[in-house]
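Architecture at a glance
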Amino acid sequence: MVITEIIKNENPHCPLTDEEVAQKLLISRVAVTKLRKKFQIADSRARKRMYMINDLKAILNENSSLSDRQIAKRLQKLGYDTTRYLVAQLKKKVQPKSKIAAISSKNSANIEENNVFHSLIGHDGSLKLCVDQAKAALLYPPHGLHTLLIGNSGVGKSYLAEKMYQFALTTDNFNDDAPFLAFNCADYADNPQLLLGQLFGYQKGAFTGAVSDKKGVVELCNGGILFLDEIHRLPEEGQEILFQLLDKGHFRRMGAAGDTRTSRIMLIGATTEKPENSLLLTFRRRIPMSITIPSYTERPIQEREELVHSFFQREGLRLKRNLIISQDVFNTFVSYSYPGNVGQLKNDIKVCCAKALLQAVTHHADSVRITFQHMTEQIRNDVLNGQIAFEENSCGSDLQIQYNNQMKPNDVASSQQEDIYQYIENMHMNLKYEGYDDDRIIKLLGGLVEKKLAYIARSTRSNRPQISSQTIADIVGKRFMTLADYCFEQAKKKLPLLRQSVIYPLASHMKSAYERIIAGKRVKYPDFDKVKKEHEKEYFIAKELTQTLAKKLEITIPDDEAGFIAIYLCHFQISYQKKHEKNIGVVILSHGHVASGMAEVVNQLLGIKQAIGVDMALSDSPNFMLEKTIIAVKKANQGKGCILLADMGSLLSFGPIIQSRTQIPVKVIGRVDTLMAMECVRKSMIPEYTLENLLLDTKLQKNTESVSLLPQTADNQKQPAILTLCLTGKRSAIKIKDYLHSLNFPELNAVHVIPVGLVSCSGIEAIVKHYQISYYVAAIVGTVNPQLADVAFLSMEELMRPAGKLKLKRLLHIALPNNNQLHEVIDERFILFDSDSMTKEAVIDRMVATLLKNKRVSEGFSLSVYKRETYGDTLLKGGIAIPHGNPSFVTKPTIVVTKLDHDISWTNNQTCHLVFLLALNEDSRPYFEQLYSLISDQSKMEKLQILNDRETIKQLLLN
């Protein structure tokens, strides 16, 4: 019979259904079913089960210790569409119970053998109960038990949660690709609405700024483990929503009335508080497992010794050297009571190693010997004051740790600590070259290492970090740095607004003055009488300082030198700088909740806090909005006036009214969009721009998309130049030139650096005009700002900071307009074509996945992008979107470009066809400025729309 032949030859892994057989025989499905039953042929499901049981027996005969997951994978490779659950059911039919029990025991042994907890110090000691509880929670069917980790700061709650996740992947309760998301409730504690939105997602319009639907971490974590750090910061409303999810697996996004969603998660919460004081009773009942982690001092001495030893071993790997740790250091670390527990212990050991490395480099030692003097000052004081009770069983001799170059780099987490060690070696080499002896180098750098590490530990985001004294000493010499520091301390007693940044210019001036005097040269200050008259207070302070300096340097210092020092004291007072260094204020106005989001986007992309957004709610009258705007203008004004960027209507008439009432110069530009706001804010930060310039330039930019007050073509055809300027004379200007070249900026190779000697600010304008005949003068770098309107100024004090170096690079980029740096952040791997994605979320997810695959960002970047999208519009005119995430998750700056085959809705019913996902860090502003210039080029964007080749698109973007 034909039907038996067809079924006999079918694929056993995917048997034919009656419908499929009917299509082959060109008869009805009912007729096939009758024939199949007539010939006693089982249906497709039964036949598949029979085939699978035969293959399952063969697999088990080959290796009976395989887990259900491993068996399911083997069957899937054979072509079966099966699951672990079905495998478990079939195993019961083909194996006796005793054999199943034996296999289960074997699987448990395998899990124990490969137990990820074994790397946890104390897993079989003080943390044994914690580990056993964690295992029990993770192995409990079907999806584990929700768990609460309790312990003080630094005990290792986050670390244990990560270990639990790793162990979970070895169990049958979780898939191999089960997600693990960590979410810190404290990050959003001041905004409960946003916190709940990030957790559970929200519907469009749920709250101000919710311009589109968004998934929350609960939804994204479906099938995996959600780690909520500082869970006690979760508001009661959030706890109530969460325990409904834990009970039934159901939740609703914020703003969704009846749209119930499902998510199966295992929750791990962490808290430093007592649960009964911070969590609702109804919520605590849903978390059956509580794990209390002991503090460092509660752990036995053997474990503390092992912890100390392991941290030193990690530092030895970073340093790539052998370590010798004296017994008193080892015993102190073991016995000390750390408020910050294991986390603080690790940081203090880093401090020790950094200080000891300095001494080893100084004495050319191969090994790093760590002694009591290398410990932090706080610990040393506590030891000397008898506040530490030493353990009797601690180390009785020095501990030696041999560096093993076979150790894998992954054994130690990456850290900025490596930069510290390199920094110490580099600084030692520089000071040695400068001529300092070893004792003086140790004294100079020793006390600063601890401060440097503390600075890194705080991970400050300031763009203006303090300049270290060793950097100044490297440039001007220790002797004059010390003298300048003394002069600053003396002068500040009488000039409380004097900035510490005056130290470098003073040190540089003193060194040059000393060299001139020793050589028998004199420089007369031309405006000496004017200085004494206009800056009387500063002059008399300077006079006292020169008398002291004469004694210390054992030379005779002429009165004119007091004039130079008085000028420095004048220029580096806060009140003076505030008077002379001002920006134009920018206030963005809009109907609805757009302006604040636009200002947030602009500020974050430019890395500043310049723009202020004021939203006009539907209930706001024009008069009420006017009052809100006046408050914003007063806040934004720095003395150069304020520009209002408004969308339409009555907001456009606010300028004259505000100017009349506040006496603050105000200009208004209408029809604002994000791109215009970005350009306007960027230019408002350029000191050379006046309010009138900015108004004109922004209007022209809006009308032509190409006009700018930046250097015109005629200037760009000249060779670019930088003038180095010092009030002291040309020798100091030459040293500034040498320092510029020491920065090794490739752009400087195409720029002529010209040192200029100067004894008065009054003559600088003529000097600059002289050089502008032959050069395009891109900037002046020096110690005192000559206050020229058409040339940017960069102080030496500023140049020694990272932000100053970035400013110099931006100035060089303006001078060298063809210097496109986007090739550093865009390559063919990050140019995508998308014909499948129908939503904004799908596009972002694909682009983030590309970044993760290429290790350009770390986990958490995706969430930060979605968080950023809630703040405001990232869609520019022309259907171009620029989503971006938190710079802290960026490992290597990258821009991903996605060209969509069809328009998708991005926000507020506006469509998008081109997306630039920015994974940029805080040092990447030049990339963004070049990208902005690219996006502003309408002809290039039109060309891009018709291109479908990655290489061609890349050439278009980079040329």
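Quick caveat: nothing in here was measured; it's all calculated off a predicted structure.

Some thoughts on the pattern of salt bridges
Applying the stated criterion to the full structure yields 15 salt bridges. In this structure, Asp132 and Lys128 form a salt bridge, with 3.0 Å as the shortest nitrogen-oxygen distance. With Asp132 and Lys128 both in helix α8 (residues 128-139), this residue pair falls 4 residues apart, about one helical turn. A relative accessible area of 35% means that Asp132 is categorised as partly exposed. Residue Lys128 is classed as partly exposed on the basis of its relative accessible area of 41%.

Structural notes on the pairing of strand β3 (residues 225-229)
Each regular strand shows side chains that alternate between the opposite faces of the sheet. Extensive coverage of β3 is indicated by the burial of 5 of its 5 residues. Because side chains alternate across β3, one face comprises the buried residues Ile225, Phe227 and Asp229, and the other comprises Leu226 and Leu228, equally buried. Bridge analysis of strand β2 (residues 180-184) against β3 gives 5 bridges, and the strand direction is parallel. Within β3, the residue paired with Leu181 across the bridge is Leu226. Where β3 meets strand β6 (residues 266-271), 4 bridges bridge the pair, whose relative direction is parallel. What sits directly across from Phe227, in β6, is Ile268.

Quick notes on the confidence of the model for the protein chain
Scored by pLDDT, the protein chain comes out at a mean of 76, with 77% of its residues at no less than 70. Contacts for the low-pLDDT stretch residues 446-467, under 50 throughout, to residues beyond four places or in other chains number 37 contacts. Here residues 576-580 scores under 50 on pLDDT; set against residues more than four positions off or in separate chains, the count is 6 contacts.

Some points on the sheet that holds strand β20 (residues 875-876)
Here 5 strands make up an open sheet; going across it, the order is β19-β22-β23-β21-β20 and the pairing mixed. For this open sheet the edge positions go to β19 (831-834) and β20, each flanked by a neighbour on one side alone. Sheet topology places strand β21 (residues 880-881) next to strand β23 (residues 910-919); 2 bridges connect them, and they run parallel. Residue pairing for β23: Ile880 is matched across the bridge by Leu914. Relative to the sheet, helix α38 (residues 840-853) contacts β19, β22 (894-907) and β23, its axis offset from that of β22 by approximately 165°. Strands in contact with helix α42 (residues 950-958) are β19, β22 and β23; relative to β19, the strand with the most contacts, it is inclined by about 125°.

Rules and cut-offs
Residues numbered from 1 in each chain as written. Predicted model: local features only at pLDDT ≥ 70, side-chain atom pairs only at ≥ 80, totals over all residues. Heavy atoms only, no water. Salt bridge = Lys/Arg side-chain N within 4 Å of Asp/Glu carboxyl O. Helix = DSSP H or I, 4+ residues; strand = E, 2+ residues; numbered from the N terminus. Buried < 20%, exposed > 50% of the residue type's maximum accessible area, 1.4 Å probe, protein only. Pairing = 2+ DSSP bridges. pLDDT = per-residue confidence, 0-100. Contact = heavy atoms within 4.5 Å. Axes fitted to C-alpha atoms, helices over the stretch in contact; angles between N-to-C directions.

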